[in-house]
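The lines below spell out each chain.
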Amino acid sequence: MNLSKIKKSLRVKITLFFLVIGLAPIIIGSVIFYFTIKKALFENVFKELQWTAAEITDIIEKNFNKARSDLLFASTNPAFKLYYTEPGKKDVWLREQHNVFLSIRKLYKYLDESCFIERSGKEVGRIVYDTLAEQKDLSPDESVRSFFAKTFVLNEGDVFTGRPEISEDTRKWVLPYATPITIGGVNVAIFHFEITLSYFQDILRGVINPERLIAFILNENGEYLAHTAVDISLTGPLPRAKTLETSPSFNRVVDKIVSGGGGMDEFSQGGERYYIHYRPVAPDDGHNENRWTVAVIIPAKRVYVEASIVGYMTVLVGFAVLVVVLFSYMIGKWVTYPITTLVMGIRNIASGDFFRKVSVTSQDELGELARSFNQMVDAITARDAMLKDLATTDGLTGLYNHRHFKNELEKEIKRAKRYNRSMSLVMADIDHFKSYNDTHGHPKGDVILKMVAELFRRNRREVDIAARYGGEEFIIILPETGAEAAFFVAEGIRGAIEEHPFPMQETQPGGNLTASFGVATFPEDGDDAESLMAAVDKRLYMAKAEGRNRVYKG
């Protein structure tokens, strides 16, 4: 018999062990080890549920806070107050208000409508999706809507966030936000926008792997606002969690959720058992009427499938460990290294350390088991990396998204303050991009956005942080960069865009596709994120006003 084959075969080693020692101690040791690993596996699964629920909750809370911040920022546009204080220029300020509506629409893909309403209830202006309403279509009296009266009792700078309702214009479920416009301490009007509820359905779909987990968002009335396994109509009634078909154990969990509780629980439904972790959403705003809870569910059978894999592996490990204990020094030397390495790898992974994988490289069955186990760890790690990517990257262009950009901007400003150094922002907007979209369609427009994003990537330093700010706007953070250097970076990108052979650009005004740029520098133009963003946005506006296809740095 070939000695090398005998040496590589774990089956031969285990058979020899059975002949020498017997079955009893192996079974006892394997059972103890199996239940230890199984317990660790269940703990990891429950941590996964908690982490996923916390991630979704964090996204929702940040959305509430961002919408509140964006609404307040937009409401500070002078056009809303000047509409009353300069009545002779009402048409001018009305047009500027329309520009504010269009700017908000660029920021929010899920914006259903936004409007400006006088104290009498009369609508002054409104946008639905991308369409500005004609004067004849404006409502003469919006005062009967619940958010109207509740907003007018607020102080300047407060935002009212109402419960989801059916939009009167689009007949879809929306989440309303509103803030008062105040002159001399008197609320004279409100600024209002609505976000479609489908946004929260897409949040769940972006985070949850439907083949492994189920997730839903429940409101204070026990109704589903979003669910990965239930179709929720954008226009029909919200489905209730408790129905004639749901089990008593699930209904008890729903009662706990509606009461505002959070924690881990289990229930049965349709002959299957499930584990559920639920966590209340806590928006940082005292005028938010919504009391939502995020819940993440895993079927128990999925946990037991993973446990059975661990069980099979545990039996083999138990065999090998006993061989090491009872065999001679030479056989122990032959077997000890791969087995102890596998045990340590399993313990590391069971404790949540996915970076220390099993390093067994032998060619026997144990090596195959180690490789299979490592593949499972790689799959989990890849999933976590993908979730992180989804949270920071713009899906169309591959640049960083708006949320990640804002986080990085805060970090860079703190770093610049700490070391007393400069940093700059470059914001760009594709000229006449709406004209291109209207002429060639949004799919062609998306191609242009990808090509412009690639030019940003090519013409930046490795330390620069490029992001898609929204719509056709792009922005770059330039660490340790003064105004002149930032101007040259912006000019380089502008020139690259102007010279690039974009498809069908001859249909653009001027026969070429170009972009306008604004530059702002810390600390000269602003010493915090808000003031610096206001400065760069204003300079981008000046570049547009002075004829486009240029860089304006003040």
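Residues numbered from 1 in each chain as written. Predicted model: local features only at pLDDT ≥ 70, side-chain atom pairs only at ≥ 80, totals over all residues. Heavy atoms only, no water.

Novice: Sorry if this is basic, but what is going on with the overall build of the protein here?
Specialist: Each helix and strand in the protein was counted, giving 16 helices and 17 strands. In the protein, which comprises 554 residues, the share counted as buried stands at 50%. For the protein, long-range pairs separated by at least 24 residues make up 61% of all intrachain contacts whose partners lie at least 6 apart in sequence. Only carbon and sulfur atoms are counted for the fraction: they give 56% of the accessible area of the protein, which is about 27100 Å². (Helix = DSSP H or I, 4+ residues; strand = E, 2+ residues; numbered from the N terminus. Buried < 20%, exposed > 50% of the residue type's maximum accessible area, 1.4 Å probe, protein only. Contact = heavy atoms within 4.5 Å. Areas by Shrake-Rupley, 256 points an atom, 1.4 Å probe, with all protein chains shown as cover.)

Novice: Where do I start with the pattern of salt bridges in this structure?
Specialist: Oppositely charged side chains are able to pair whenever their charged atoms sit close together. One pass over the full model with this rule turns up 34 salt bridges. Residue glutamate 266 is joined to arginine 273 by a salt bridge in which the shortest nitrogen-to-oxygen separation is 2.5 Å. Across the salt bridge formed by arginine 421 and glutamate 480, the nearest N and O atoms sit 2.9 Å from each other. Here glutamate 480 lies in the loop between β15 (473-479) and α15 (483-499) and arginine 421 lies in the loop between α12 (402-419) and β13 (423-430), a separation of 59 residues in the sequence. (Salt bridge = Lys/Arg side-chain N within 4 Å of Asp/Glu carboxyl O.)

Novice: Looking at this structure, how should I read the side chain of glutamate 165?
Specialist: Note that glutamate 165 resides in strand β5 (residues 165-166). The buried category is assigned to glutamate 165, whose relative accessible area is 17%. Side-chain polar atoms of glutamate 165 contact the side chain of arginine 145, separated by 2.6 Å. Those residues in contact with glutamate 165 that lie beyond four places of it in its chain are Arg145, Ser146, Phe147, Lys172, Trp173, Val174, Pro176 and Glu194. (Polar contact = N/O pair within 3.5 Å; in protein donor to acceptor, adjacent residues only side chain to side chain.)

Novice: Would you take a moment to explain the pairing of strand β8 (residues 214-218) for this structure?
Specialist: Remember that side chains alternate between the two faces of the sheet whenever the strand is regular. In terms of burial, β8 is a largely internal element, four of the five residues being buried. Where β8 and strand β12 (residues 293-299) come together, five bridges link them in antiparallel fashion. Each residue of the ladder has a partner; that of phenylalanine 216, found in β12, is alanine 295. Bridge count for β8 against strand β9 (residues 224-227) is three bridges, and the pairing is antiparallel. If you follow isoleucine 217 over to β9, its bridge partner there is alanine 226. Turn length for the β8-β9 hairpin, with the two strands adjacent in sequence and antiparallel, is five residues, and the turn residue glycine 222 shows positive phi of about 75 degrees. (Pairing = 2+ DSSP bridges.)

Novice: Hey, could you run me through the packing of aromatic side chains in this one?
Specialist: Aromatic ring pairs are described here by two measures, namely the spacing of the ring centres and the angle between the planes. Across all of its chains, the model carries 22 aromatic pairs by this definition. A centroid spacing of 4.9 Å and a plane angle of 40 degrees characterise the contact between phenylalanine 80 and phenylalanine 191, whose relative ring orientation is tilted. With a gap of 111 residues between them, phenylalanine 80 in helix α4 (residues 78-85) and phenylalanine 191 in strand β7 (residues 186-196) connect regions that are remote in the sequence. Put simply, the rings of Phe80, Tyr83, Tyr84, Phe101, Phe116 and Phe191 touch in pairs and so form one group of aromatic residues. (Phe/Tyr/Trp six-rings, centres within 6.5 Å; stacked < 30°, edge-to-face > 60°.)

Novice: Can you help me understand the packing of α4 against helix α5 (residues 90-107) in this one?
Specialist: Axes are the key here: two packed helices are described by the angle between their axes and the distance separating the axes. Between α4 and α5, whose axes approach to 8 Å, the crossing angle comes to 160 degrees. Between α4 and α5, the angle is such that the two are roughly antiparallel. Crossing hand, α4 versus α5: left-handed. Here Ala79, Phe80, Leu82 and Tyr83 of α4 lie close against α5, whose contacting residues are Lys90, Trp93, Leu94, Glu96, Gln97 and Val100. (Axes fitted to C-alpha atoms, helices over the stretch in contact; angles between N-to-C directions. Parallel < 35°, antiparallel > 145°, perpendicular 65-115°, else oblique. Left-handed = near helix turned anticlockwise from the far one by under 90°.)

Novice: Teacher, can you tell me more about the confidence of the model for the protein here?
Specialist: Note that predicted coordinates carrying low pLDDT should not be read in detail. Across the protein, the average pLDDT comes to 83, with 77% of residues at or above 70. Here helix α1 (residues 3-8) stands out as the element of the protein with the lowest mean pLDDT, 54, in contrast to strand β16 (residues 515-522), whose mean of 96 is the highest. (pLDDT = per-residue confidence, 0-100.)

Novice: Explanation requested: unusual backbone geometry in the structure shown.
Specialist: If a residue is not glycine, its phi is most likely negative; likewise, a peptide bond is most likely trans. With an omega dihedral of 5 degrees, the bond running from phenylalanine 522 to proline 523 counts as a cis peptide bond. Structurally, proline 523 can be placed in the loop between β16 and α16 (529-545). Even without a glycine there, the phi angle at arginine 548 is positive, about 70 degrees. Tracing the backbone shows arginine 548 in the loop between α16 and β17 (551-552). You will see that asparagine 549, though not glycine, has its phi angle at about 50 degrees, which is positive. Structurally, the position occupied by asparagine 549 is in the loop between α16 and β17.

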